[in-house]
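Each chain, written out:
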Amino acid sequence: MKNATILMTMVSLASLMAACGGGGGGAAGAPPAPPPAPPVIVAPAPAITPIAVQSTSYANAKGVGMQITLPNAAAANFLNRTENIQNGYALADFFQDGTYSLVTFTQNYTPDGKTAGSVYFFKKVGANWVNSTAAVLKDQTGCITPRKVIVADFNGDKKPDVFAACHGIDRELAAGEKAGEYSRLLLSQPDGTYKNTGTAATGYFHGASAADINADGYPDIAVTDNIGHSQPYFLMNNRDGTFTPDYNRMPISSEANRTQCAVACPLQIYSVELIDFNGDGKVDLWLGGADDKSIVGFAPAIFTNPGAGDFRNAPRTVLPSVIGYPLNNPLDIVFVNETIYLSLVGPLYTNYGVQQIDYKTLSSKVVYSNTGKFSNGSVWVDWLIPLNKNIVAASAAYSVSIGEAPAPAIAVRPTSYENAKSMGFAAVTLPQAEVWAAAYARADFKGDGSITLFSSHRTYDNKKPLAEATAGVMGFYTQKNGAWVAEPGMIDSAVSCIEARKAVVADFNGDKKPDVLLACTGYDAGTFPGERMMLIASTPSGVFHVTRIGDAGFYHGVAAADLDKDGIVDYVATDNKRDAPLRMFKGKGDGTFSEVANAFPSSTNFGGYFTLELLDINGDGHIDLLAGGHEFEGTRTIVVYGSGSPVFTAGEVKPLPATEATAGVVLDFVKVGDKLFVGRTNGGASGFYTKLGLQTIDLKTLSTIDLKVRDADLFVWLLPMADGVISDRTDRPL
């Protein structure tokens, strides 16, 4: 075998020399050929993600997030020197390259006033708009007066399409001339181009807005046509690039609530928008017109969608008229932070202003007014958009900027369970200082419509003597640039309890603002001496005031609700320094409490309860009590059904199924549909918190459906999802 190996080696060497030009055939002493150059690796071009088309034209117009400078007529390469852009423009990702491009419908300023303009597409190259129409559009037919251009996905291909509301000759008609004209529709095609067609009917289309009214997956169009058809109406999408007029979905005529009128009496309704004002998932209808108090005048109003997009008998909310300014005709609307902004002109368009209206109270004021000319020669602004917490003109030619009204406060819910589990929270990444905290909570603590974090963490080591136990640290954090930033000025003392086990949110002092109740166990070792709980209460100044409440106890669990239905929040807590660990405290509405004696069934009067929650488990309108703790010590996990009584003494007690010893400690409860999810860990001889368990219980049978247990040196609270639960910590998944 040795000789065979040598032979094979020699043969291999000879083959290698021949392949490299050695061993014959080459010139004597010739250097070996250089190795081949490494292949050139071309990195793949980054994937392009087109900008998504939103479900309504309002969202597509107001959500662009930038103000634009329109193309200069001299550099725009228009077909005619008499063309220019006034109101007819919109932004979308028309070239599907992940950037915003511009579509414009020009006006052709010819002496006769009835020559149509053209359609153009522009791409941004550097700081300039470049006419790129030829790449996507062959037929550039426009209209005489393009009053509003809107964007929606009309043909269902997930690309932006365009509808131009056109109203024809914009002057007094001469003999033989007719009011109105066809509007235009640009539909995206599979090859990336656009098909330009006219709509089926002519009209004086001054306003338009698109949204899916009949829930068929295709946006329909609301138009105003106060001359052609004497009323606003809907163009219902036929799902094939065509539309059918529907005159029967608009509010019906009446003295108190009318949008329709006979041909001889066309109401002055010029503007329309489809917006979900009340947040119920259905677009509502806003109509604006000349509110001049005449027989044809129309006060701007919101018609709340009663369902199925049928507004014939929709509830009407009339918006307040402007007082003290000659502004009576709204041309545009922005709705943000529960606040309406109307872009208004006066008679003959000689005055301009912006009216701010509180959607809920209808209180209003004029926040901008102007009687002079802007840089482009116009005296009125075409469109408004929200941008960087301001309301600004969509076009940079208008120097209009109005600070947004502050966002409304997020309402505090009636129970601490709802404030923790029913706010739609996603999992949170805690600040580095709070990663070992168990007592934290989120709410709109600043009252500005944003979510603030409260957290308390310990500073002591329970392996050291009690004399060395130091107080914890607590405080608030707000989000800035995606990170939590400490807000020390929000609290009058950062000194927390030695060991804070749970923080719950409710309105404990009756000011309709969130407060925090902190369950404190004290030094968690030795004789467990206990500690008083803490209330972190809101004040008119915005600085939270810290007070100790109650007597010292080992308060491991706490939950809050209005148990006696007097409009004041009460709370229950577990105190394992007592033989009967469940305690109830009645709220007085000012941040103070008194204990309620004999509030629980006698069967609960023994140790072992560390976790509890207050929520309506069976849907009967009464708050029920869930309690659990150390099952390995014989404590039963239970539900005590509420009966409408302010106490649970006579409540029916039902045991919930226990689990194996590796998950015999109850940590948290969450109800999702007909299921109860129980967060668990281990305890006793096997140690504490080295396992993570999740039990699923069928609430109809009170039997275990599923139990999962895994090794995990951590603790988590649970958050409900549509079909289950998740951990509320991003760094501690279930």
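Residues numbered from 1 in each chain as written. Predicted model: local features only at pLDDT ≥ 70, side-chain atom pairs only at ≥ 80, totals over all residues. Heavy atoms only, no water.

1. Structural notes on the state of the cysteines
Tallying each qualifying case throughout the model produces two disulfides. Covalently, Cys143 is tied to Cys166 through a disulfide, its sulfur atoms 2.1 Å apart. Because the sign of the S-S torsion sets the handedness, a value of about -65 degrees for the bond joining Cys143 and Cys166 places this disulfide among the left-handed ones. In this pair, Cys143 is assigned in the loop between β6 (128–131) and β7 (146–152) and Cys166 in strand β8 (residues 161–166), connecting sequence segments 23 residues apart. The pair formed by Cys143 and Cys166 is uniform in burial state, with each residue classed as buried. Between the sulfur of Cys497 and that of Cys520 lies a disulfide, 2.3 Å long from S to S. With the S-S bond torsion at -75 degrees, the cross-link from Cys497 to Cys520 turns out left-handed. Pair noted here: Cys497 is in the loop between β29 (483–486) and β30 (500–506) and Cys520 is in strand β31 (residues 515–520), with a separation of 23 residues, a long-range link. The buried category is assigned to Cys520, whose relative accessible area is 0%. (Disulfide = S-S within 2.5 Å. Helix = DSSP H or I, 4+ residues; strand = E, 2+ residues; numbered from the N terminus. Buried < 20%, exposed > 50% of the residue type's maximum accessible area, 1.4 Å probe, protein only.)

2. Looking at unusual backbone geometry
Here the phi dihedral of Ala308 falls at roughly 60 degrees; this positive angle occurs in a residue that is not glycine. Here Ala308 is to be found in the loop between β17 (301–303) and β18 (316–318). At Lys565, a position not held by glycine, the phi torsion is positive, near 55 degrees. Assignment of secondary structure puts Lys565 in the loop between β34 (555–561) and β35 (570–575).

3. A look at the confidence of the model for the protein
The predicted model of the protein averages 89 in pLDDT, with 92% of residues at 70 or higher. Confidence drops under pLDDT 50 across residues 254–258; counting only partners more than four residues distant or on other chains, this segment forms 13 contacts. (pLDDT = per-residue confidence, 0-100. Contact = heavy atoms within 4.5 Å.)

4. Notes on the pairing of strand β24 (residues 390–393)
Here strand β23 (residues 384–387) pairs with β24 via four bridges, running antiparallel. Within β24, the position partnered with Pro386 by the bridge is Ile391. With antiparallel pairing between neighbouring strands as the criterion, β23 and β24 make up a hairpin whose turn holds two residues, including Asn388 at a positive phi of roughly 50 degrees. (Pairing = 2+ DSSP bridges.)

5. Some points on the environment of Phe677
Turning to its location among the elements, Phe677 is positioned in strand β43 (residues 675–681). Among the residues examined, Phe677 registers a relative accessible area of 6% and is labelled buried. Distance in space between the C-alpha atoms of Phe677 and Leu173 is 72 Å, their sequence separation being 504 residues. Every residue in contact with Phe677, bar those within four places of it in the chain, is listed here: Asp668, Phe669, Val670, Val672, Leu694, Gln695, Thr696, Leu718, Gly724 and Val725.

6. Quick look at the packing of aromatic side chains
On inspection of all chains with the given rule, the structure shows 30 aromatic pairs. Between Tyr233 and Tyr247, the ring centres sit 4.6 Å apart and the planes meet at 55 degrees, which makes this aromatic pair tilted. Separated by 14 residues along the polypeptide, Tyr233 in strand β13 (residues 233–237) and Tyr247 in the loop between β14 (243–246) and β15 (269–275) bring together distant segments of the chain. By relative accessible area, Tyr233 is classed as buried at 0%. The rings of Phe94, Phe95, Phe121 and Tyr194 are connected pair by pair, giving a single aromatic cluster. (Phe/Tyr/Trp six-rings, centres within 6.5 Å; stacked < 30°, edge-to-face > 60°.)

7. What about the nonpolar core?
Counting 34 residues, the largest nonpolar core has Phe277, Ile340, Leu342, Tyr352 and Val381 as the members making the most contacts within it. Broken down by secondary-structure element, the contributors of at least two residues to this core are β19 (329–336), β20 (339–345), β21 (352–358) and β24. Residues within four places of Tyr352 in sequence aside, it is in contact with Leu327, Ser343, Leu344, Val345, Tyr368, Ser369, Asn370, Phe374, Val379, Trp380, Val381 and Leu384. Counting 24 residues, the second largest nonpolar core, distinct from the first, contains Val639, Leu656, Val670 and Leu718. (Core = buried A, V, L, I, M, F, W, Y, C linked by side-chain atoms within 4.5 Å.)

8. Comments concerning the layout of surface pockets
Its volume calculated, the largest pocket comes out at about 1,000 Å³. Forming the walls of the largest pocket are 28 residues, and the residues nearest its centre are Arg458, Asn462, Glu499, Asp524 and Tyr689. Breaking the lining of the largest pocket down by element, the ones donating at least two residues are β27 (452–457) and β30. Estimated volume of the second largest pocket: approximately 660 Å³. Its residues placed into classes, the lining of the second largest pocket shows 12 nonpolar, 15 polar and five charged. (1 Å grid on protein atoms, 1.4 Å probe; cavity = no way out; pocket = protein on both sides within 12 Å on 5 of 7 lines; lining within 4 Å. Points joined across faces, edges and corners; volume = space filled by probe spheres on them. Nonpolar A, V, L, I, M, F, W, Y, C, P; charged D, E, K, R; others polar.)

9. Notes on the side chain of Glu83
Take Glu83: it is sitting in strand β1 (residues 83–84). For the buried Glu83, which has no salt bridge, the nearest side chain bearing the opposite charge is Arg81, at an N-O separation of 10 Å. A polar contact is formed between the side chain of Glu83 and the backbone nitrogen of Leu79, at a distance of 3.4 Å. Only 2.5 Å separates the side chain of Glu83 from the side chain of Thr106, close enough to count as a polar contact. Leaving out residues up to four positions away in the same chain, Glu83 has contacts with Ala73, Phe78, Thr106, Gln107, Asn108, Gly117, Ser118 and Tyr120. (Lys, Arg positive; Asp, Glu negative; His and termini not counted. Salt bridge = Lys/Arg side-chain N within 4 Å of Asp/Glu carboxyl O. Polar contact = N/O pair within 3.5 Å; in protein donor to acceptor, adjacent residues only side chain to side chain.)

10. A word on the pattern of salt bridges
Following the criterion strictly, the structure yields 27 salt bridges and no others. When the shortest N-O distance is used, the salt bridge between Lys586 and Asp564 registers 2.5 Å. On the criterion of sequence distance, the pair formed by Lys586 in strand β36 (residues 582–587) and Asp564 in the loop between β34 and β35 is long-range, its members being 22 residues apart. Look at Asp564 and you get partly exposed, because its relative accessible area is 25%. When salt bridges with common partners are traced through the structure, they connect Asp551, Asp575, Arg578, Arg583 and Glu595 into a single cluster.

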